[in-house]
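Here's the letter readout for the chains.
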Amino acid sequence: MKRLLTLGILAQLALSTASFAQTKVVAHRGAWKHTGAPENSIAALKEAIKMGCEGSEFDVHMSADSVLFVNHDADIQGLPIERTSAKQLSAVKLSNGETLPTLEAYLKEGIKQKKTRLVLEIKPSAVSKERGIALTRKVVAMVNALKAAPKVDYISFDYDICKEITKIAPKATVQYLNGDKTPDELLADGIHGFDYHYSILKKNPSWIKEAKSKKLITNVWTVNDEKDMDWLISEGISLITTNEPELLIQKLRK
Ligand code: MG
């Protein structure tokens, strides 16, 4: 009887811990805003790691000759990445003097540590849908070749890219960014969760609990305002992607 009681108490404790599992921090494009590191630079990744962020997000494009580069926009310093050679892109310097990072260099830095997950956004191609899928296959091949797979989570605005990842990397986790699928639709398509703009979750506040009850990952971008952070934490969101990782870390420590 005593043993049963103890088990009961332990089970209750486990349940209450699960429902209050703490929200975690994803640095959006690395930690750049207050560190002086350029967005999406290896320096910004290192700062996010140093802060102990759960994840550090970054964006991937493909050069004209099929080399993968990390940058937010489709162009850098006037060069459209998809129509520029890797040689030309490798001559680009960021504001801190760092070379425009290739995905290879970025992942090699990211796998030196254990704490921070690498939240890899695959950008759809402006050239064609097929090029977006080709980029996706290249990214997954490189992640696997560098043995980075256990540290990488994939995100994309393109639903076909998300679905392609679930096919070619069945062990990987994939979160959809565009906000137009319900938790049930994601589940039906084998997508592991959402990473939606906070305005979508304000319109559909039940989606957080609904997704969590279906064991989907709940992530939200890009939350920089304290009031929005407080609301999302109170709703039990699992991950908050932010340009203000310092502020959110401090808030979650209280
Ligand atoms: Mg991004």
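Just so it is clear, the structure is predicted and the values come from calculations on it, not from any experiment.

Analysis parameters
- Residues numbered from 1 in each chain as written.
- Predicted model: local features only at pLDDT ≥ 70, side-chain atom pairs only at ≥ 80, totals over all residues.
- Heavy atoms only, no water.
- Donors = N, O, S within 2.8 Å, 3.2 Å for Na, K, Ca; no water.
- Helix = DSSP H or I, 4+ residues; strand = E, 2+ residues; numbered from the N terminus.
- Buried < 20%, exposed > 50% of the residue type's maximum accessible area, 1.4 Å probe, protein only.
- Core = buried A, V, L, I, M, F, W, Y, C linked by side-chain atoms within 4.5 Å.
- Contact = heavy atoms within 4.5 Å.
- Axes fitted to C-alpha atoms, helices over the stretch in contact; angles between N-to-C directions.
- Left-handed = near helix turned anticlockwise from the far one by under 90°.
- Nonpolar A, V, L, I, M, F, W, Y, C, P; charged D, E, K, R; others polar.
- Arc of directions from axis to C-beta.
- pLDDT = per-residue confidence, 0-100.
- Pairing = 2+ DSSP bridges.
- Right-handed = clockwise from strand over helix to strand, strands pointing away.

1. A few points about the coordination of the magnesium ion
So, step 1. Coordination of the magnesium ion by the protein is provided by Glu 57 (OE), Asp 59 (OD) and Glu 121 (OE), with metal-donor distances spanning 2.0 to 2.1 Å.
So, step 2. Mapping the donors of the magnesium ion onto the primary sequence gives the spacing E-x1-D-x61-E. In this pair, Glu 57 is assigned in strand β2 (residues 55-62) and Glu 121 in strand β6 (residues 117-122), connecting sequence segments 64 residues apart. For the pair Glu 57 and Glu 121, a shared accessibility class is recorded, and that class is buried.

2. Re the nonpolar core
So, step 1. Ranked by internal contacts, the top residues of the largest apolar core, which has 54 residues, are Leu 120, Val 139 and Tyr 154.
So, step 2. Among the elements that line this core, the one with the most residues is helix α5 (residues 129-145), at five residues.
So, step 3. For Leu 120, the contacting residues outside a window of four places in its chain are Phe 58, Val 60, Leu 103, Val 139, Val 143, Val 152, Asp 153, Tyr 154 and Ile 155.
So, step 4. Counting residues in hydrophobic clusters, the runner-up holds eight residues, among them Ile 76, Ala 86, Val 92 and Leu 100.

3. Quick notes on the packing of helix α4 (residues 103-110) against α5
So, step 1. Direction vectors running N to C along α4 and α5 enclose 35 degrees, while the axes themselves pass 10 Å from each other. Remark: the crossing between α4 and α5 carries right-handed chirality. Residue-level contacts link Leu 103, Glu 104 and Leu 107 of α4 to Val 139, Met 142 and Val 143 of α5.
So, step 2. Grouping the constituent residues of the contact of α4 with α5 by class yields five nonpolar, no polar and one charged.

4. Some points on unusual backbone geometry
So, step 1. Phi is positive for Gln 77, which is not a glycine, with a value near 50 degrees.
So, step 2. Taking the relative accessible area as the measure of exposure, Gln 77 reaches 56% and is therefore exposed.
So, step 3. The backbone of Lys 147 shows a phi angle near 60 degrees, a positive value even though the residue is not glycine.
So, step 4. Summarising the element assignment, Lys 147 is placed in the loop between α5 and β7 (152-156).
So, step 5. On the basis of relative accessible area, Lys 147 is assigned to the exposed category, the value being 69%.

5. Considerations on the side chain of Glu 121
So, step 1. A relative accessible area of 5% means that Glu 121 is categorised as buried.
So, step 2. Setting aside chain neighbours within four positions, we find Glu 121 in contact with Glu 57, Phe 58, Asp 59, Val 60, Ile 155, Phe 157 and Leu 177.

6. Describing α4
So, step 1. All buried positions along α4 are accounted for by Leu 103, Tyr 106, Leu 107, Glu 109 and Gly 110. Taken down its axis, α4 places every buried residue within 160 degrees of arc, on the same side.
So, step 2. Next to the buried residues of α4 lie α2 (42-51), β2, β3 (68-70), β6, α5 and β7.

7. Examining the environment of Ala 211
So, step 1. Inspection of the secondary structure assignment puts Ala 211 in helix α9 (residues 206-213).
So, step 2. Residue class for Ala 211 comes out buried when judged on its relative accessible area of 0%.
So, step 3. Residues Ala 211 and Pro 80 lie 131 residues apart in sequence; the distance between their C-alpha atoms is 37 Å.
So, step 4. The contacts of Ala 211, once residues within four sequence positions are left out, are Pro 183, Phe 194, Leu 216 and Thr 218.

8. Considering the confidence of the model for the protein
So, step 1. Taken residue by residue, the protein gives an average pLDDT of 94. The fraction at 70 or more is 92%.
So, step 2. Considering only residues more than four positions removed or in separate chains, one finds that residues 15-19, a stretch of pLDDT under 50, has zero contacts.

9. Overview of the pairing of β6
So, step 1. Of all six residues making up β6, five are buried, and the element is well covered by its neighbours.
So, step 2. Bridge count for β2 against β6 is six bridges, and the pairing is parallel. Bridged to Phe 58 within β6 is Leu 120.
So, step 3. As defined by bridge partners, β6 adjoins β7 across four bridges and the pair is classed as parallel. Across the sheet, Leu 118 pairs through a bridge with Val 152, a residue of β7.
So, step 4. Following the chain from β6 across α5 to the adjacent parallel β7, one finds a crossover that is right-handed.

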